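Structure at a glance
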Amino acid sequence: MKYTYWMVFVVLIKNRVAMFALSQKKHGISFFFFFFCEWKCIISKVVTLLVERGLTEQTHHHFVKNMFIRPNDSDTTDKKPDFTVFNCWNMVDEDWKKHGLNSEVFVTFNLEKKIALIGGAWYGGEMKKGIFSMMHYWLPMEHCLSMHCSANIGEKGDTCLFFGLSGTGKTTLSTDPKRRLIGDDEHGWDDEGIFNFEGGCYAKTSKLSRSTEPEIYDAIRFNSLLENVWVDPLTRDPDYFNLSITENGRVSYPIEHIQNREPSLSGNHPNYIIFLCADAFGVLPPIAKLSPGQAMYHFVSGYTAKVAGTERGIKEPVPNFSSCYGAAFLTLHPLEYAKLLKEKLEKHKADCYLVNTGWTGGPYGVGQRMGIKDTRACLDAIFDGSIKKSKFRKDDTFLFEVPESLSGVDPKILNPKNTWTDKEKYDQEYKKLAKRFADNIALYAQGNVNQYKGCGPI
Ligand SMILES: Nc1ncnc2c1ncn2[C@@H]1O[C@H](COP(=O)(O)OP(=O)(O)O)[C@@H](O)[C@H]1O
Ligand SMILES: C=C(OP(=O)(O)O)C(=O)O
């Protein structure tokens, strides 16, 4: 950009000289300066384009290096790529409708040639998420469950999975100084246990601060890649609180940037499974224990709210049911993944919980987002086993078990109705949410989960 400004300056000066020469009837000199200006202009434009294109290509290359598993130097296996992603980020056809597209963005796969073609998307995550969809196709064929979840492991080798849609806290909560990080987004579960199939982490930067998320904040250093983040033009410091252009900030960094990580990127069969949701209605409790049947129900429902900072155009939370907490990545019918999870749960008997990282004290606009500290305290009670000593109340409609007290958590927030000023309104919203769940699950009973028509019978 600086080069462009300098060129504008040069062009202005040269033009003035040319005009002056013209007024003096020095046509040769005038012609030379005019021509020189045009020539410089063209050069300047070409240089700018090349620089911008080069930067974007380097950025994609860096993202891929951060996010995919890097072959190590001692790896003697064939280095031929398993899959090739072509990212034509600037290929936008204004007339995209005529190609039958739903937007200017397209993501296509050729499974035989092992090629992905992305067009019109500036979102770096598209590259890893495309391959994630492929893993959702291949892994189940080997009786391995592909999962949109993060994972970490405790001192005693106890493994925890955190399922959840974008923005519900998979990255934030799995990055826990007391537990080794296995991975923050994409895992498989086979007969040996669980494993991460990424080499990096992808965190949200909106309002990121060292006080609430120190490990992620400090992971942002050389080799990290910031995306959509405001950078001060003078100091070149990122400003995670300047959301004037977008809240959709991201950072990718190699998993080695997290100090407390599990080097094998794998773990035993899970001891705990957490389903994260960001309930924008402020109705669900911050934590509830699920029976295996209820766990299956929530997995298939995949309830959350899309929150600002996760998708273009989302300015306030929008309730959403996304099968298996990742409908966008499923390449088979959701019940195929559910069947696999059911089998594994029956065999390995993990404790399952629903954790609401969404609103408390009222719905979005009235209440506030659950404190990260409170959510962490709920999780600590699972990991140190103290939750098992709590007294539980059974929820009338959802039938899950809600602890009445937990160490380090204000008992008031454990029962969301107590946090609302208008109790009647709470009851109304609670019933409405229960109906949303019922209506959504009914789609399965009718064999009518729209986006999976064409995935074949189950
Ligand atoms: N109680 C909470 N638990 C987890 N994250 C929270 C909470 N409250 C606010 N947040 C914010 O929500 C966002 C969660 O994003 P992230 O952890 O990247 O989710 P995911 O990995 O599931 O997409 C972060 O910006 C985090 O600061
Ligand atoms: C990758 C993203 O989400 P998630 O971490 O939930 O997969 C994202 O929102 O860019």
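Residues numbered from 1 in each chain as written. Chains lettered and ligands numbered in written order. Predicted model: local features only at pLDDT ≥ 70, side-chain atom pairs only at ≥ 80, totals over all residues.

Per an unreviewed UniProt entry, the recorded name for the protein chain is phosphoenolpyruvate carboxykinase (ATP), and the organism is Reticulomyxa filosa. Entered under Catalytic activity (unreviewed entry) in the UniProt record, the comment concerning the protein chain runs "oxaloacetate + ATP = phosphoenolpyruvate + ADP + CO2". Regarding the protein chain, the UniProt comment filed under Sequence similarities (unreviewed entry) reads as follows: "Belongs to the phosphoenolpyruvate carboxykinase (ATP) family." (UniProt positions renumbered as here; feature names shortened; annotations may be inferred.)

**Some remarks on the overall build of the protein chain**
A tally of helices and strands in the protein chain yields 11 helices and 23 strands. Counting all 458 residues of the protein chain, 36% fall into the buried class. The contacts in the protein chain between residues at least 6 apart in sequence include a share of 68% that link residues at least 24 apart. (Helix = DSSP H or I, 4+ residues; strand = E, 2+ residues; numbered from the N terminus. Buried ≥ 20, exposed ≤ 12 C-beta atoms within 10 Å, placed from the backbone. Contact = placed C-beta atoms within 7 Å.)

**What about the sheet that holds strand β10 (residues 225-227)?**
Remark on secondary structure: sheet strands pair via backbone hydrogen bonds, oriented parallel or antiparallel. The strand order across the open sheet formed by 3 strands is β9-β13-β10, and the pairing between neighbours is antiparallel. Because the sheet does not close on itself, it has two edges, and the strands there are β9 (200-204) and β10. The sheet shows a mean angle of 20 degrees between the axes of neighbouring strands, taken without regard to direction. When β10 meets strand β13 (residues 250-254), the two strands line up antiparallel, connected through 3 bridges. Looking at the pairing, Glu 227 lines up with Arg 250 of β13. (Pairing = 2+ DSSP bridges. Axes fitted to C-alpha atoms, helices over the stretch in contact; angles between N-to-C directions.)

**Examining the domain arrangement of the protein chain**
Domain annotation for the protein chain reports domain 1 (2-67), domain 2 (80-122) and domain 3 (132-452). A separation of 29 Å is found between the C-alpha centroids of domain 2 and domain 3. (Domains from an automatic or database assignment.)

**Brief notes about the packing of helix α6 (residues 292-301) against helix α7 (residues 334-348)**
It is at 10 Å that the axes of α6 and α7 come closest, and there the two elements cross at 155 degrees. Accordingly, the angle class assigned to the pair α6 and α7 is roughly antiparallel. In this structure, α6 meets α7 at a crossing whose hand is right-handed. In contact with Pro 292, Ala 295, Met 296, Phe 299 and Val 300 of α6, α7 contributes Pro 334, Ala 338, Leu 341, Lys 342 and Leu 345. (Parallel < 35°, antiparallel > 145°, perpendicular 65-115°, else oblique. Left-handed = near helix turned anticlockwise from the far one by under 90°.)

**Notes on the nonpolar core**
Leu 161, Phe 162, Phe 163, Ile 274, Phe 275, Tyr 353 and Leu 354 are the most contacted members of the largest nonpolar core, which totals 82 residues. Each of domain 2 (80-122) and domain 3 (132-452) gives at least three residues to this core. Excluding its chain neighbours within four sequence positions, the residues that come into contact with Phe 163 are Met 147, His 148, Cys 149, Ile 274, Phe 275, Leu 276 and Tyr 325. (Core = buried A, V, L, I, M, F, W, Y, C linked by C-beta atoms within 7 Å.)

**Brief notes about the site of ligand 1**
The environment of ligand 1 is made up of 17 residues, and the closest members are Gly 169, Lys 170, Thr 171, Thr 172 and Thr 357. Among the elements of the structure, α4 (170-174), β9 and α8 (372-383) are those that each provide at least two residues to the shell around ligand 1. Take the shell around ligand 1: its biggest share by element is 4 residues, from α4. Taken together, the residues that form the shell around ligand 1 break down as 4 nonpolar, 10 polar and 3 charged. (Near = placed C-beta within 6 Å. Nonpolar A, V, L, I, M, F, W, Y, C, P; charged D, E, K, R; others polar.)

**A few points about α6**
By the burial criterion, the buried members of α6 are Ala 295, His 298, Phe 299, Val 300 and Ser 301. With its phi angle positive at about 60 degrees, Gly 302 sits one or two positions after the end of α6.

**Side note on the pairing of strand β15 (residues 272-277)**
Moving residue by residue along a regular strand, the side chains alternate between the two faces of the sheet. For β15, the buried fraction is high: 5 of the 6 residues fall into the buried class. Bridge analysis of β15 against strand β19 (residues 351-356) gives 6 bridges, and the strand direction is parallel. Looking at the pairing, Ile 274 lines up with Tyr 353 of β19.

**Overview of the sheet that holds strand β1 (residues 84-88)**
Spatially, β1-β3-β2 is the arrangement adopted by the 3 strands of the open sheet, whose pairing is mixed. Two strands in the sheet have a free side with no partner beyond their single neighbour: β1 and β2 (106-110). The average angle at which neighbouring strand axes cross in this sheet is 10 degrees, direction not considered. Bridge count for β2 against strand β3 (residues 115-119) is 5 bridges, and the pairing is antiparallel. Within β3, the residue paired with Phe 109 across the bridge is Ala 116. In the packing of helix α3 (residues 125-141) onto the sheet, the strands contacted are β1, β2 and β3, and the crossing angle to β3 comes to about 140 degrees.

**Focus on unusual backbone geometry**
A positive phi angle is found at Arg 236, which is not glycine, with a value near 60 degrees. Considering the arrangement of structural elements, one finds Arg 236 in the loop between β11 (230-231) and β12 (238-239). For Arg 236, a count of 7 C-beta atoms within 10 Å corresponds to the exposed category. Residue Cys 324 is not a glycine yet carries a positive backbone phi of 55 degrees. Among the secondary structure elements, Cys 324 is positioned in the loop between β18 (318-321) and α7. According to the C-beta neighbour criterion, Cys 324 is buried, with 25 such atoms within 10 Å.

**A word on the environment of Glu 311**
Along the chain, Glu 311 falls in the loop between β17 (303-306) and β18. Distance in space between the C-alpha atoms of Glu 311 and Ser 166 is 8.7 Å, their sequence separation being 145 residues.

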